[in-house]
Amino acid sequence: MAESFEIRQLNMIPFSRRLSRFMLYEEKKEDGLFPAGLYLHLTADMYKPGGVFVPGRKRGIIHLSPIRDGKELPYKLKATPSMLTMETEKGNIEFTIDRPEILRIRSCGVGLRAFSPLFRMEVPLRMNDGSLELFYSNLGNVLIRAIEGAADFNTVWRLKDWRADDVICDLTPSQNGIMEAAIHEFAATEAPLEKYRPFDLCEKEAADDFSLWQKKYKEPCGDRELFDMATYITWICMQRPRVDAPYRLLRGNMMYNNRFGIDYVNLFEQPLLAMAFEDRNAKAELIGNVLDLMSPDGMLPAFTNNKEPQYGYAAPPVIAIAAKETAGELQGPALSKLKKLAFWWLEWRDPDHDGTVSYAYAKETGFDAGLTIRDGLAVKSPDLLTYMCVLSELLSETDADSGAYWKEISRGMLGKLTDTLWDGEEFVCRRSKTYEKVMGTDFLGYIPVLLGSKLPGDIARKLTDAVSAKKAWERKDQVPLAAYLVKGFLELSQKERAEAAGKWFIGFVKEHGFVNKIGAVMYSSWSASAYLYITAALGI
Amino acid sequence: MFGHNQPFDLQRMPWGRKMSMFIVYEDFYNHDLYLSHVRTGILQSERKNLFRMQPVTGGEILEYTYFADEKHLRMDTGKGSVELCLDELDQVRIRGRGVGLRLTCPMPGDKCEGLFDKRDGSIEISFGIAGKSLWLPLQGEMDRKISYDNEGSVSEIVIEFDPDDGGAFEAAAHEYILNRKRDAYYRPFDEIMQDSAESFKNFKNCYMPPVPGYEDTTNYAQYVVWTHMQGRDGQNGAFKQPLVYMHRQWFAMAFSWQQSFNAMAMLNDTGEAWRLLTSLIDYQLDSGMFPGQISTFDVKTSVPQAAMQGFAFSHILENAGDGFLTPERCEKAYEPFCKWTRFWIEYHGTGEPDHLQYLNLYESGWDDGTVFINGIPCQAPDVYALVSLQCEMCGKMAGVLGKTEEARAWNDRAKRFVDVLVKDYWDGETFVPVVTPTKEKVANRSLVSYLPIILGKRLPEHIVDKIARTLIAEGEYLTDIGLTAESLKSPHVSFSRVFYVMGKVLSPANMFITVGLKRAGKDKEAREIARRWCDKIKKSGFLLGFAPLPTEVNGEPYIDPNVPNAGDTWSWTSWSAACFLTVSHYVLNT
């Protein structure tokens, strides 16, 4: 399948590979110093657009263009999951990713120009063996090595500017017209390999890896191309702990939101990423890796990457929704962490001591503008009680020693939800201490659909009628949340409504792509996972 | 120590305490004191302005003077006073008599997540990735007011502590990353103050007695290092043991080679010196490399720093004896240091036997030195000196462990690096670097070309004599306040803030040279340079660098706005303090 699927929007989703920091993407417009065209970049692990510390770097680290006799050539791009090709009239250049940290390049008849604008504290180095090392400060290092043919480049240092001249590295073919090269990325030190594996073997392995990845999802009934694109997005968003960094936060492979700009793990999104898998072991593995991010006292950070964890506020315990589906596959440590998670919320987020957990900070909802917190008073929210209800019910089934305790907690959470936060017509948020109603995003009140038949019948009916009447799934922002409504409708056996929501989301994807919101500049794993979940759940 | 009517204030050096993440700065612009907690891995992050502190009474803000030392910080108004002290865990204590204290936190929404009333008398304020603080009254009242912007984000938080009917208030605040509740018991304020004083007093025992005439300066230096020692465990961070930060803001991280600068100053506590010297072993990579910087959230591995441990080790050995070098310590440290030394030899070899190079300017520490004017990789003379001393260090440890052959091999290697340095790089006047790819010699007038003087008597006498003559000559490198990092006769010399080693008088450079000259038997020259530099430090504080002239050499003004910034002419640094402690004791002490 990989070889027939073409990635067409390289400006929205890069060419890359699972676990690799490399990406090749297309910039459509020129921007001052930065030409339009194909760029090589690395996952930055920083919360900044473009993800780089160095002021001025708005784009990828290296601009790539085919050359012949020193002149740049026009080209077309073609990309499959395992290979990207620059097609010119004089010959083609092909890229594939070998081990996640090595990008391989080959061409026939043409060479490749790698142009890297450099900024302060970025350093080029000519190594003893003639290869080029580029040091990009906080982003990482890159080594460019000619395997066949030659690498010619400049490394002029401008002392008083604390920087080098922009580097131009021309990779040119040998006399037989063949050029082969490797680009390594690394954090500390690196040496070129003595021997490089055949290019075709690397490409085949990448293709096979993608095929194996696709098998973790349910085979599509509908649009094959969208399925391929969605699974490609989730595949390349899988990142790993930095192998040569002595302090790294990720403890297992995790799915980033995207690769350029939101290159971090958002824990609010993780349940959908897990739920999208059909392979139960894949679900359990992702959930286990999420739970491994837990602090010693049971708190899950709102987001993290290899470098920076956000413990300023907690992630909501929404992981319970995915964990409930996978309880049979979760290992002991994961289950005990779920228990710790529940205890954390009970201990640290019940300021009224009334058994109702609350959000201390607005962003703990997972929504950017989720809640109005005033005067420091925490807010009881229906989505939070839903997650806690599901979590404690899961624990009642899995915690052999304290099943009854958790059953009671679950019942209590449900009771608080329906008694305190249901106002007869809708679910509302209420302020701690005063219990006054609080302004919040409507969607918080829809999340209880996930409780399905646990909700009293009249509440479930009114809730789903309201959700349906308002077409609450038709969002402009955090669009993948539509998947939760699909799930909720299915839990309540309201298939038509589930299909209405699902079809709307699929239409959104067809029109806007796999984005989290209208106008987003990159596709996201969250949106892709929502698509995969919805199409699998609805069989469409 | 610091404050009004004191030699120094808190504009360039924060008040703090060893292992406490709290600091207090005087703001350069409004001259108020700000309480902050600083926990960052971001280079050049500025985090000094979290809570503006203002004594108040009846809602009226009062003017005040302040005094700060190792025990406490006191703000005096005409109507009463406020005091702060720090414990060695996570707490700041505040008490007032006759007045209250207002703390104002003007934060844009993306820096502050909000305030959480825990309904147990305490409030938590979250600053996102930077951490949280928990505030509570112990005596008197605590009031708070939160303002929001049009988008509903927090725009300002004001906390006010007001006295009770007896006219006193007391409060506590904790800083942390994860979660915290109020303690069940709070120690008496005076006990914490005493504890802090005791901690500093014990810390001073790491050092030899001060040199006459520099007692106060020594006390300040020790205070700087003490307050910059950071790294509590258990907070989900990267620290494995306490390390010395370079700054408490801006470069708020522990730089690899600076741990060695600090170690060599602690001659009265070789155990602590050894601990710092070996501290980077915790982070060693498979290649043998030690990372460049450590902070709460990051260990930077992109560029190593120069191999300074051998130089520091030899200094400690020569001055404190080898009693600290037990077989147990050598057993733990020998292999890692061999690996680190081999990393330099193998990864930084030029391809020619026993020839070394820097691959990146930032490895050397002479970031914009003219040794690199023709680019990199560059065979700079200091790398030979430092790696040679690394080899000696390995040889010494091998000897302690009874590994005779290995000891001999390391010592031979050490000597070979010196031989290559002298044979291939000394041109009769100076050591001349070479750019490896083109083999061109680099004409330059950087002081680093004389750094091999740290080898002392391992260098031939004629070279030592020449270096001493050059460096003691007025107007070349020597100025009234010490040696410039670039010759005053160099066409590139500049004292502008934008440059680092292009001309300013820098602490580490003066330490290297004066210690080296003394080792080489050039006591008189060493003392003269050291005296000038130490006197400047005594007068102006522990800045990293000073411009030796009021203008550039050519009379043009240089760029130095002299406002708070991450550069070397504003903030005090533990690096300078450590250099002063070494130079004053070793070179000036008779």
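Residues numbered from 1 in each chain as written. Chains lettered and ligands numbered in written order. Predicted model: local features only at pLDDT ≥ 70, side-chain atom pairs only at ≥ 80, totals over all residues. Heavy atoms only, no water.

### Some details on the nonpolar core
This is how the line gets drawn: Definition of nonpolar core: a set of buried residues of the types Ala, Val, Leu, Ile, Met, Phe, Trp, Tyr and Cys, connected through side-chain atoms within 4.5 Å. Residue burial is assigned from relative accessible area. The probe radius is 1.4 Å, only protein chains are included, and a residue is buried under 20% of its type maximum, exposed over 50%, and partly exposed in between. Only DSSP runs of H or I covering at least 4 residues are called helices, and only runs of E covering at least 2 are called strands; the numbering of each starts at the N terminus. The contact definition used throughout considers only heavy atoms, calling two residues in contact when any of these lie within 4.5 Å.
Residues A:Phe95, A:Leu338, B:Leu84 and B:Trp135 are the most contacted members of the largest nonpolar core, which totals 378 residues. A total of 11 residues in this core trace back to one element, the largest contributor, which is helix H8 (residues 381-400) of chain B. If we ignore the near neighbours within four places in the chain, the residues touching A:Leu338 are A:Leu291, A:Ile319, A:Ala323, A:Leu330, A:Leu391, A:Leu394 and A:Leu395. Core analysis: the second largest hydrophobic core is formed by 8 residues, A:Ala302, A:Tyr313, A:Tyr361 and A:Ala378 among them.

### A closer look at the pattern of salt bridges
Using the following cut-off: Salt bridge criterion: a side-chain nitrogen from Lys or Arg within 4 Å of a carboxyl oxygen from Asp or Glu.
Under the counting rule described, the total for this entry stands at 74 salt bridges over all chains. One salt bridge in this structure joins A:Arg106 and A:Glu94, with 2.6 Å as the shortest N-O distance. With a gap of 12 residues between them, A:Arg106 in strand S8 (residues 102-108) and A:Glu94 in strand S7 (residues 92-97) connect regions that are remote in the sequence. Classification of A:Arg106 by relative accessible area gives partly exposed; the value is 22%. Note that B:Arg95 and B:Asp190 form a salt bridge whose closest N and O atoms lie 2.9 Å from each other.

### So, the side chain of B:Gln357
For clarity, the cut-off: For this analysis, a polar contact is any N or O atom pair within 3.5 Å, provided that within protein one partner can donate a hydrogen and the other can accept it, and provided that sequence-adjacent residues contribute only side-chain to side-chain pairs.
Within the secondary structure, B:Gln357 sits in the loop between helix H6 (327-347) and helix H7 (361-364). On the basis of relative accessible area, B:Gln357 is assigned to the buried category, the value being 1%. From its side chain, B:Gln357 meets the backbone oxygen of B:Gly349 in a polar contact 3.1 Å long. Looking at B:Gln357, its side chain comes within polar contact range of the side chain of B:Thr436, at 2.6 Å. If near-sequence neighbours (up to four positions away) are discounted, B:Gln357 is found in contact with A:Asn128, B:His348, B:Gly349, B:Thr350, B:Pro377, B:Cys378, B:Gln379, B:Val383 and B:Thr436.

### Details of the interface of chain A and chain B
Here is the rule: Note on definitions: buried area is the accessible-area loss of two parts on being combined, 1.4 Å probe, summed for both. Asp, Glu, Lys and Arg are counted as charged, while Ala, Val, Leu, Ile, Met, Phe, Trp, Tyr, Cys and Pro are counted as nonpolar; the rest, among them Gly, fall into the polar class.
Across the boundary between the two partners, chain A contributes 53 residues, which contact 67 residues of chain B. Summing the contributions of chain A and of chain B, the shared interface buries around 5100 Å²; its carbon and sulfur component is 59%. For the salt bridge of A:Asp352 with B:Arg119, the shortest nitrogen-to-oxygen distance reads 2.2 Å. Scanning the region where chain A abuts chain B turns up 16 residue pairs in polar contact (both at pLDDT 80 or more). Taken together, the elements giving at least two residues each to the side of chain A that touches chain B come down to strand S10 (123-126), strand S22 (310-314) and helix H6 (332-348) of chain A. Within the side of chain A that touches chain B, the residues separate by chemical class into 28 nonpolar, 10 polar and 15 charged.

### What about the packing of helix H1 (residues 189-204) of chain B against helix H2 (residues 215-228) of chain B?
Residues and elements named next belong to chain B. Let me state the cut-off plainly: Interaxial angles span 0 to 180 degrees and are taken between N-to-C directions of axes, which are lines fitted to C-alpha atoms, for helices over the stretch in contact. Put simply, angles under 35 degrees are roughly parallel, angles over 145 are roughly antiparallel, angles from 65 to 115 are roughly perpendicular, and the rest are oblique.
Their axes nearest at 10 Å, the elements H1 and H2 cross at an angle of 110°. Comparing their axes, H2 and H1 come out roughly perpendicular. Together, Ser196, Ser199, Phe200, Phe203 and Lys204 of H1 and Asn219, Gln222, Tyr223, Val225 and Trp226 of H2 make up the contact between the two elements. Across the contact of H1 with H2, the residue classes break down as 5 nonpolar, 4 polar and 1 charged.

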